[in-house]
Amino acid sequence: MSAALAPAYPASAGRPADALSDTGVMIARGLRRSVRDPEAFSTALALPVVLMLLFVYVFGGAFNAGVGAAGGYVNYVVPGLIVLCAGFGAGTTAVAVATDMSSGIVGRFRSMPITSASVLAGHIVASLVRNLLATALVIAVGLAVGWRPVAGPLGWAGAVAMIVAFILAMSWLAACFGLVVRSPEAATGATFALMFVPYLSSAFVPAGTMAAGLRPIAANQPFTPVIETMRGLWMGHTSTGAAVGHEAWLAAIYCAAVLAVAASLASWLFRHRTAGR
Amino acid sequence: MTYTVKAAGLRKAFRGKTVLDGVDLAVPAGHIAALLGPNGAGKTTLIRILATLLRPDAGTATVAGHDLLADPVGVRRSISLTGQYAAVDDMLTGEENLRMMARLRHLPARAARGRAMELLAAFELADARRRLVKTYSGGMRRRLDLAVSLIARPELLVLDEPTTGLDPRSREQLWSAVKGLAADGVTVLLTTQYLAEAEQLADQVAVLHQGRIVAEGTAGQLKSGLGADSLDEVFLALTASAGDGAGGAADARDAVTRRTPEVTR
């Protein structure tokens, strides 16, 4: 036993390339953990399917009487469902970060000569992959139940870029939340809040159809330009009547601002919180 | 004599409450040093400061020759920390935990795998290597935790209450692993609430009470210093709270500091 306990490997010197390798290891860890939680993982995969069927076949008939999307409600609701699923995904990310912070493993990571940014980067990339998977499911099920986008390859590329930017912004925001609350139970609350926000946007019905008091909120909250950018790129027109380019600029500014603030805040919180007790 | 840990005047307060009130500590290379103290004595805070997880408010320390404040990365390269709660990833298997940590120590993939297998065998976890850690028993988690600490040979192994909650057999296994390491020249700093553990393992015992080292020496020196039959008596005498009247703790402390000047050198 004693021979095996006397390791021959000295702790290696830190090099810039190690930061990349550390981040790779953390990403692999995040992805592994994602599939090891069968409950959360199957919920994340079932959600897009169930919601799509619910919104198209249960609510779709009545909703579309007001929305008037050509070819059925599915041609309105896809971007909204993508955003709703991303809200759920952000909740998962908040819980993952909070769980990490409440376990001893972050302390161990911190006491090792590794890039501390790699720990959060691992969470964010795993979150991006999980959410893109859910998005792909929304798109696939949507196409199967009659969604007919008119976008060309450029339009698709733009819509996907919008989704990636939105998911990244949401993931960093979720990481902040997870770092602040620290207990997985409290982080679960984030799922609820983030899943509620899309209902007060143009996700499921145009803002113009809402009560007068809600209209300005729904029309101007950040989720709406994100949804309308996707809708405009895929379907050729937005539900607000604004040009796609206008919505895209707004969405890009919102996402960039949230990304910049949330990413710096999360990094600061990570250093601060792990350095404290 | 070379010291792996040399700390002087370490102070730390949380929100105005003093947790460490000027701690001096010197651990010679290759020694097993035990920090003994009741709950809330500041053991974990001291450990966290020495592991660069907390900044002291005042005081200086070097770990393996690296200054704590000037060269924290140097300190991190020289130490391995096993915290109070097993710092392993529940959602990964035992093997994945070890391979991940080996990769984070910048071993190439193949070497990481080899090292993981060696350690799994050494800590009797080979059969359980493909099981998720959340299915492990407390003893298995602790052994995995220690195995992770040993992926790269540290100059200083820091163990915060390593055997809390372990059954006797797992405790014996862990003790023998720690002794084996010390025999190989690794310096060990551990905290414990168990006097038997300090007596069994440690070359040097430091009793921490209310943020100060109130006595330091071998278990034998401490016992003879107080004329006590067991380390339990020493511990109780030294850590009796001021409210217990008659200044018993202070007397005991005086007795030790009077009689063991050679001990603290």
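Located above this text is the structure these notes cover.
Small disclaimer: the values here were computed from a predicted structure and weren't measured. (Residues numbered from 1 in each chain as written. Chains lettered and ligands numbered in written order. Predicted model: local features only at pLDDT ≥ 70, side-chain atom pairs only at ≥ 80, totals over all residues. Heavy atoms only, no water.)

(A) Representation of the pattern of salt bridges. Summed over all chains, the structure comprises 17 salt bridges over all chains. Residues Asp100(A) and Arg29(A) are paired through a salt bridge, measuring 2.7 Å at the closest nitrogen-oxygen approach. Taken together, the residues span a long stretch of sequence, with Asp100(A) in helix 3 (residues 74-102) and Arg29(A) in helix 1 (residues 16-36) at a distance of 71 residues. Arg129(B) is paired through a salt bridge with Glu95(B); the nearest N and O atoms lie 3.2 Å apart. (Salt bridge = Lys/Arg side-chain N within 4 Å of Asp/Glu carboxyl O. Helix = DSSP H or I, 4+ residues; strand = E, 2+ residues; numbered from the N terminus.)

(B) Fine view of the nonpolar core. Core analysis: the largest hydrophobic core is formed by 78 residues, its most contacted members being Phe109(A), Leu98(B), Met101(B), Leu104(B) and Phe123(B). Residue contacts for Met101(B): discarding those within four places in its chain leaves Ile105(A), Arg108(A), Phe109(A), Met112(A), Ala87(B), Val148(B) and Ile151(B). (Core = buried A, V, L, I, M, F, W, Y, C linked by side-chain atoms within 4.5 Å. Buried < 20%, exposed > 50% of the residue type's maximum accessible area, 1.4 Å probe, protein only. Contact = heavy atoms within 4.5 Å.)

(C) Quick peek at the sheet that holds strand 4 (residues 58-63) of chain B. Residue and element names in this part refer to chain B. Strands sit in the order 2-1-4-5 across an open sheet of four strands; the sheet is antiparallel. Looking at which strands have only one partner, the edges of the open sheet turn out to be strand 2 (17-28) and strand 5 (66-67). Bridge count between strand 1 (residues 3-14) and strand 2: nine bridges; the pairing is antiparallel. Paired with Lys6 across the strands is Ala26, a residue of strand 2. (Pairing = 2+ DSSP bridges.)

(D) Fine view of a nonpolar patch on the surface. All names here are of chain A. Among the surface-exposed residues, Leu53, Tyr57, Val58 and Phe59 lie close enough to one another that they form a single nonpolar patch of about 390 Å² accessible area. Structurally, Phe59 can be placed in helix 2 (residues 38-67). When its relative accessible area of 30% is taken as the criterion, Phe59 is described as partly exposed. (Patch = residues over 30% accessible without salt bridge, like charges linked within 9 Å, V, L, I, M, F, W, Y side chains within 5 Å. Areas by Shrake-Rupley, 256 points an atom, 1.4 Å probe, with all protein chains shown as cover.)

(E) Geometry of helix 3 (residues 94-104) of chain B. Taking burial as the measure, the eleven residues of helix 3 of chain B include nine buried ones, the bulk of the element. Of all the residues in helix 3 of chain B, the buried ones are Gly94(B), Glu95(B), Glu96(B), Asn97(B), Leu98(B), Met100(B), Met101(B), Ala102(B) and Leu104(B). For helix 3 of chain B, the secondary structure elements touched by its buried residues are helix 1 and helix 4 (105-110) of chain A together with helix 4 (109-122) and helix 5 (138-149) of chain B. Immediately downstream of helix 3 of chain B, the backbone of His106(B) shows phi near 65°, a positive value.

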